[in-house]
Structure formats: structure tokens, C-alpha cells
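Observations on the model geometry
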Amino acid sequence: MLTDSAPTAFDLRFRMLGTDVRIHPMFWVCSAFLGWSYVRAPLLPGNGMTDLALWIGCCFASILLHEFGHVFAIKAFGHDAHIVLHSFGGYAMPTGEARWRWQRIAVSAAGPAIQFALWGALVAAVWAGALPRPFAFSTAGWLPPVTPEFREEGPTPGRALMAMLLSVNLYWPLFNLLPIWPLDGGQIAREVFLAFSRRSGVIASLWLSLVLAAGIAVNAFVDVKGVPYPLTYLPRGTFVAVFFALFAFENFQAIQVENSMRREPWREDWP
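These notes cover the structure that comes with them. (Residues numbered from 1 in each chain as written. Predicted model: local features only at pLDDT ≥ 70, side-chain atom pairs only at ≥ 80, totals over all residues. Heavy atoms only, no water.)

1. Some remarks on the overall build of the chain
What counts is decided by this rule: Note on conventions: DSSP H or I runs of at least 4 residues are helices, E runs of at least 2 residues are strands, and numbering of each starts at the N terminus. Relative accessibility decides the category of a residue: with a 1.4 Å probe and only protein chains considered, values under 20% of the type maximum give buried, values over 50% give exposed, and everything between is partly exposed. Only heavy atoms matter for contacts: two residues are in contact if any of them lie within 4.5 Å across the pair. Here the accessible surface of atoms and residues is derived via Shrake-Rupley with a 1.4 Å probe, and residues count as covered only by protein chains that are part of the display.
Each helix and strand in the chain was counted, giving nine helices and four strands. Ordered by position from the N terminus, the helices and strands of the chain form the series β-β-α-α-α-β-β-α-α-α-α-α-α. Relative to its full complement of 271 residues, the chain shows a buried share of 41%. Considering only contacts in the chain between residues 6 or more positions apart, those separated by 24 or more positions represent 59%. Looking at the chain as shown, the accessible area adds up to about 14600 Å², and 66% of this sits on carbon and sulfur atoms.

Below you can see the structure in the form of C-alpha cells.
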């Protein structure tokens, strides 16, 4: 669920901005799964299907934008790339690797950066009155205060979509910048650790990734059990606990592979 899925006859394929894009059918299924809470508690009147459709469209646009951020950086450094959206995310596959470490870090950071840019543009547009104020979104002082007229008018599709776009394009890039492999932040952390030690950089970055992922998983699991937990600002819930536990397990496996390769450097399947 966290890695590439083989091409199928049901993939959606198109070309956009000079880049080939492939969307695996599991992308739509997983997007619907992530947004199923809108069916249980919709923002808009009705059975929640409109909310779910808006959410899936928001996921598609935001994740595609994220991957194009990587693609733009990859092309700026002289390579081409194609995009695959699958399961709970996607990736931009380059035709070659950037030569310098700072370029590889820039490529990893470009995805979250373009989402932050969109978030900032949306906030500015709301303040300017060019876009509707989002409905049911914690503003934390970013947006104009709620007026009585706003409450009387109630939710609209435009306001619900704005809430989703602002949420996804703020919190998801923050999530992606966590130094957890294989997230963008994990790739950046690996490059930074390798800059200090070519021999131990990968192992050190994987241990950092494992500890953080396991810590977030435990924190989320404790919340599920109803026990007071110390880090209330971290994501929580059953899905978060399972998701980060999978990350921790994947990193544990990667550490075992790295250690095995160190013990047997003569093996022909050395990556």
C-alpha cells in the first residue's frame, strides 16, 4: 500500500505540462478511504457523497501538484520524469539522479514547497475576498474572523472545498517533511547524514526514522486506548497508529538489509 503498484488496464494515463502521468485505481480507493469521515459527518447537507467527491478531487489536485513540484526541480537540474499516483500517495520518477547533494535535497523539498505556496496563495485570496472563506476549518488566526452573516449563510460547496484545500496543503506537506524514510523529509535527512558520514549516514538516518515513526505510532495508539498522551499536537487515531507502525517496520527491515550488506559486501545483489 505504500509502494508502487504495477500498471493495470484500469490506470488513468494522460500527459500534462510535458510530463506523463499514470494514476493507479487504488489511488481513488485510498483517497475515498481517507475522506470517509465526511460521509459520517458531512459539512454539506445530504448523505456526504458531495463532500466525498470534493475530498477526492482535492486529494487528486493537491498530490498531483506536489509531484509536479518534484518534476519541476528534476527538470531544472537536467533530467526528465514521469508521475505515478498510487495508494496513499505518489512519486515522480526521474530519468537520472541529480549530481550534487544540494540538488537532491532541493528535489525532495520542492514537493512540500509548492504545496506551501498554494496554501499561502489561498490564504491571501481569502483575505482579499477573491475566494470564499472556508467552512469548519481551524484558522488559528490565518483567516478573517467569522462573522454572524457567515454563520447564517452556512456551508456551501465552495467553502467546504476551501477548507479541504487549506487543510491538505498545510498539514500534508508538514507530514511529508518529517525525517521518516521514505517521505521527502526522510530523503532529505538521509542526504544530510551522508554529508557527515558516507559510511554510517544511511544507517543513522534509518534509525532516526524508525524511532520517530514508532514514537508517533505509540502516541497515536495510546490516544485510541483513551489514555492521556503527552504530545497532543501529533496526529492520532487508529489509522495513524497503523500507518506509522508500518513505516517503523519498513525502516526496521531497511536497517537489517543495510547491516547484512555491510557484513557481506561481496554479494552480487548489492544495490
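The discussion continues.
2. A few points about the environment of Gly89
Within the element layout of this structure, Gly89 appears in strand 4 (residues 89–94). In this view, Gly89 contacts Phe27, Ile63 and Val84; residues no more than four positions away in its chain are not counted.

3. Some remarks on the packing of aromatic side chains
So the rule is basically this: Ring pairs are drawn from Phe, Tyr and Trp, using the six-membered ring of Trp, whenever the two centres fall within 6.5 Å, and their geometry is named by plane angle: stacked under 30 degrees, edge-to-face over 60, tilted for the rest. By definition here, charges over rings are those cases where NZ of Lys or CZ of Arg is within 6 Å of the ring centre and within 35 degrees of the ring normal.
Taken as a whole and assessed by the stated rule, the structure comprises 13 aromatic pairs. Seen from their ring centres, Phe33 and Phe88 are 6.3 Å apart, and the 70° between their planes marks the pair as edge-to-face. Here Phe88 lies in the loop between strand 3 (81–86) and strand 4 and Phe33 lies in helix 1 (residues 25–34), a separation of 55 residues in the sequence. Here Arg190 stacks its cationic end above the ring of Trp181, 3.7 Å away from the centre of that ring.

4. A look at the sheet that holds strand 4
Applied cut-off: Only strands that DSSP links by at least two bridges are regarded as paired with each other. Axis lines are fitted to C-alpha atoms, over the contacting stretch for helices. Their N-to-C directions set the angle, which ranges from 0 to 180 degrees.
Taken in spatial order, the four strands line up as 1-2-3-4 in an open sheet, and their pairing is mixed. Because the sheet does not close on itself, it has two edges, and the strands there are strand 1 (12–16) and strand 4. Taken pair by pair, the neighbouring strands of this sheet meet at an average axis angle of 20°, ignoring direction. The sheet contact formed by strand 1 and strand 2 (residues 19–23) spans five bridges and is antiparallel. When the sheet's bridge partners are listed, Met16 is paired in strand 2 with Thr19. Helix 1 rests against strand 1, strand 2, strand 3 and strand 4 of the sheet, and its axis sits at about 60° to strand 2.

5. Observations regarding the environment of Val107
Among the secondary structure elements, Val107 is positioned in helix 4 (residues 101–128). Of the residues examined, Val107 reaches a relative accessible area of 15% and is grouped as buried. Considering only alpha carbons, one finds Val107 and Val71, 36 residues apart in sequence, at a separation of 7.9 Å.

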